[in-house]
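One-letter residues, chain by chain:
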Amino acid sequence: GLPDFSPAVVIGTGYGAAATALRLGEAGIPTVMLEMGQLWDTPTADGSVFSPMLSPDKRSMWLKERSEMPLASFLWIDINTNIERYAGVLDRVHYGDMSVYLGRGVGGGSLVNGAMAVTPRRSYFEEILPDVDADEMYGTYFPRANAALGVNEIDRDWFEDCDSYRYARLSRKHAEKAGYRTAFVPSVYDFDYMRREEAGEVPRSALDSEVIFGNNHGKRSLDKTYLAAALGTGNVTIKTLQEVRDIRRSADGTYRLTVRELDETGGTVARREMGARHLFLGAGSIGSTELLLRARDTGTLPGLGEEIGQGWGPNGNVMLGRANHAWDLTGTLQSGMPALGIDAWDDPDNPVFAEIAPMPAGVELWVSLYLAITKNPARGHFTYDAASDSAKLHWTAEQGQASIDAAKVHFDRINGVNNTVYRHDLFGDTRAFENRFTYHPLGGAVLGEATDLYGRVKGYDNLYVIDGALVPGSTGVNPFVTITALAERNVDRILAEDIRS
Ligand code: FAD
């Protein structure tokens, strides 16, 4: 069940939510976190918590009858499989020309993501959020977030010798031949654990192809870092399979939530109400935006403004594959956690940061795969659809074209110098570039627009957005460090000015 009231309620358990809850708990504020997904800590009959990556079972996906891998096909063969409908860990939400991958469960995206923990370039951070004090961010909050997340760096000597990153060294060789530089990417996957995986000393996870359906070992997901610390304060509790549906305001100024309790197949167990004095929305770019839009357009929070639902972007995500020559082997062992990127962000016309992604199938595929992050100024927006009682994202394929064009400039050059070609068999049809999905949904309740400069929602007191919805569509690198550091900054201010006083 749920308590009838809590001084603070945090919706979601992803990055923004976890950082906020820890600091509220440390300050002695009783805090309830409401998470629609499950807690992932109990092994099932096969001895593991999460589904195997290459033969997905019901644990892999959120309420789907078929797995939905980002690579839809190989040699045009559909690689997805039928599964049982279940409250699994990875969701893919479809909106016309764009679909969004999301983590569901205690830890949100940290359960399914690639663990790349990248602090954005300061000059770009200043460009996207010019009114946020960058000295304070880079002096205090990015270091605080990196420390609490458990970010670590790969041992460079091991990288050069290991089998696990042969695929990354091959891509580096091809990139350097074309005049590009590469950069190592910090991670919240424990690189020392990975080294012991390769040495055969511990059970394999990243080296057993695990990534998007959860890691059974090695990853410092939020349930092991921020959320464990939050629970350790004794002031924070987490309620699972609780989906917040509606938010309204009582006459006394507190918030009332309608919460749907789900069973493991998505059915409704109960609908309950719960109250909060301070309400923090950490349901992610998609989830928090939807809650606010529904509240505005159904009239439960009519004072919300036009900025809600605006300023959304996919962080310029584009995926592509290159075909390698027969003599250029990526290796059959590929770490599921990327550790290197091709850094062309300084290119004034086509800034691109392309992570060198694994294709961990356990056999040599002669493919180099990339997830490029590009700087695309196009933005989508959401509207509330009353018929389905949900938010609809408006984003067209044309809006994503600039991202493909930018990635193509660089990979054409890399292919040209190395005499290689694109793969056309990976994304369901014959396209070489896939930009119809994103791992990095950002925006919808942008900092300084839908909220003030600390995430306080305009038009209401004691109502906050604390997650990726604050980031204006792009951060130039993988986003979770940015989201976490902004949450650290904002909760500091909110505690000082709105709660302690
Ligand atoms: P989320 O982490 O999305 O958390 C939101 C939580 O709220 C979820 O647990 C959700 O179930 C819950 N929720 C939603 N709606 C409700 C509701 N109504 N009621 C109750 N609970 C609700 N980023 C990186 O920086 N590095 C990477 O390597 C990386 N790789 C990725 C790989 C994949 C496959 C994916 C999907 C993402 C990846 N990302 C990566 C992106 C990163 O995970 C997200 O940017 C990040 O998780 C967003 O954090 P957040 O706090 O905004 O919300």
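1. So, the overall build of the protein chain
Of regular secondary structure, the protein chain possesses ten helices and 23 strands. On C-alpha atoms alone, the protein chain measures out to a radius of gyration of 22 Å, which is about the 23 Å that the 2.2 N^0.38 rule sets for 501 residues. Along the first, second and third principal axes, the C-alpha atoms of the protein chain reach 70 × 50 × 45 Å. Expressed as a percentage of its 501 residues, the buried residues of the protein chain come to 63%. Here the contacts in the protein chain between residues at least 6 apart in sequence split such that 71% fall between residues at least 24 apart.

2. Focus: the packing of helix H3 (residues 134–149) against helix H10 (residues 480–499)
With their axes 8 Å apart at the nearest point, H3 and H10 run at an angle of 115 degrees to one another. By the angle between their axes, H3 is roughly perpendicular relative to H10. For the crossing formed where H3 meets H10, the hand is right-handed. Residue-level inspection shows Glu136, Met137, Tyr141, Phe142, Arg144, Ala145, Asn146 and Leu149 of H3 in contact with H10, the latter providing Phe480, Val481, Thr482, Thr484, Ala485, Leu486, Glu488, Arg489 and Asp492.

3. A short note on helix H6 (residues 191–198)
The complete set of buried residues in H6 reads Phe191, Tyr193, Met194 and Glu197. Along H6, the residues classed as buried sweep out an arc of 150 degrees about the axis, all on the same side. Where H6 begins, one side-chain oxygen reaches toward the backbone nitrogen of aspartate 192, 2.9 Å away; that side chain belongs to aspartate 190.

4. Section: the site of the ligand
By nearness alone, 35 residues border the ligand, and Glu35, Gly109, Met116, Gly468 and Phe480 come closest of all. Alanine 115 places a polar main-chain atom, nitrogen or oxygen, 3.2 Å from an oxygen atom of the ligand. At 2.8 Å from an oxygen atom of the ligand is found a main-chain nitrogen or oxygen belonging to phenylalanine 480. Counting only elements with at least two residues in the shell around the ligand, the list comes to helix H1 (15–26), strand E6 (98–103), strand E9 (242–249) and H10. Per-element tally for the shell around the ligand: the top contributor is E9, with three residues.

5. Side note on the packing of aromatic side chains
As enumerated under the stated definition, the model contains 19 aromatic pairs in all. With 5.9 Å between their ring centres and 80 degrees between their planes, tryptophan 312 and tryptophan 395 make a pair best called edge-to-face. With tryptophan 312 in strand E12 (residues 310–313) and tryptophan 395 in the loop between strand E18 (390–394) and helix H9 (397–418), this residue pair connects regions lying 83 residues apart in the sequence. Take tryptophan 312 and tryptophan 395: they sit in the same class, and that class is buried. Plain terms: the ring middles of phenylalanine 437 and tyrosine 439 are 5.4 Å apart, the flat faces sit at 45 degrees to each other, and that makes the pair tilted.

What counts, and at which threshold
Residues numbered from 1 in each chain as written. Predicted model: local features only at pLDDT ≥ 70, side-chain atom pairs only at ≥ 80, totals over all residues. Heavy atoms only, no water. Helix = DSSP H or I, 4+ residues; strand = E, 2+ residues; numbered from the N terminus. Rg over C-alpha atoms; globule rule 2.2 N^0.38 Å. Buried < 20%, exposed > 50% of the residue type's maximum accessible area, 1.4 Å probe, protein only. Contact = heavy atoms within 4.5 Å. Axes fitted to C-alpha atoms, helices over the stretch in contact; angles between N-to-C directions. Parallel < 35°, antiparallel > 145°, perpendicular 65-115°, else oblique. Left-handed = near helix turned anticlockwise from the far one by under 90°. Arc of directions from axis to C-beta. Polar contact = N/O pair within 3.5 Å; in protein donor to acceptor, adjacent residues only side chain to side chain. Near = heavy atom within 4 Å. Phe/Tyr/Trp six-rings, centres within 6.5 Å; stacked < 30°, edge-to-face > 60°.

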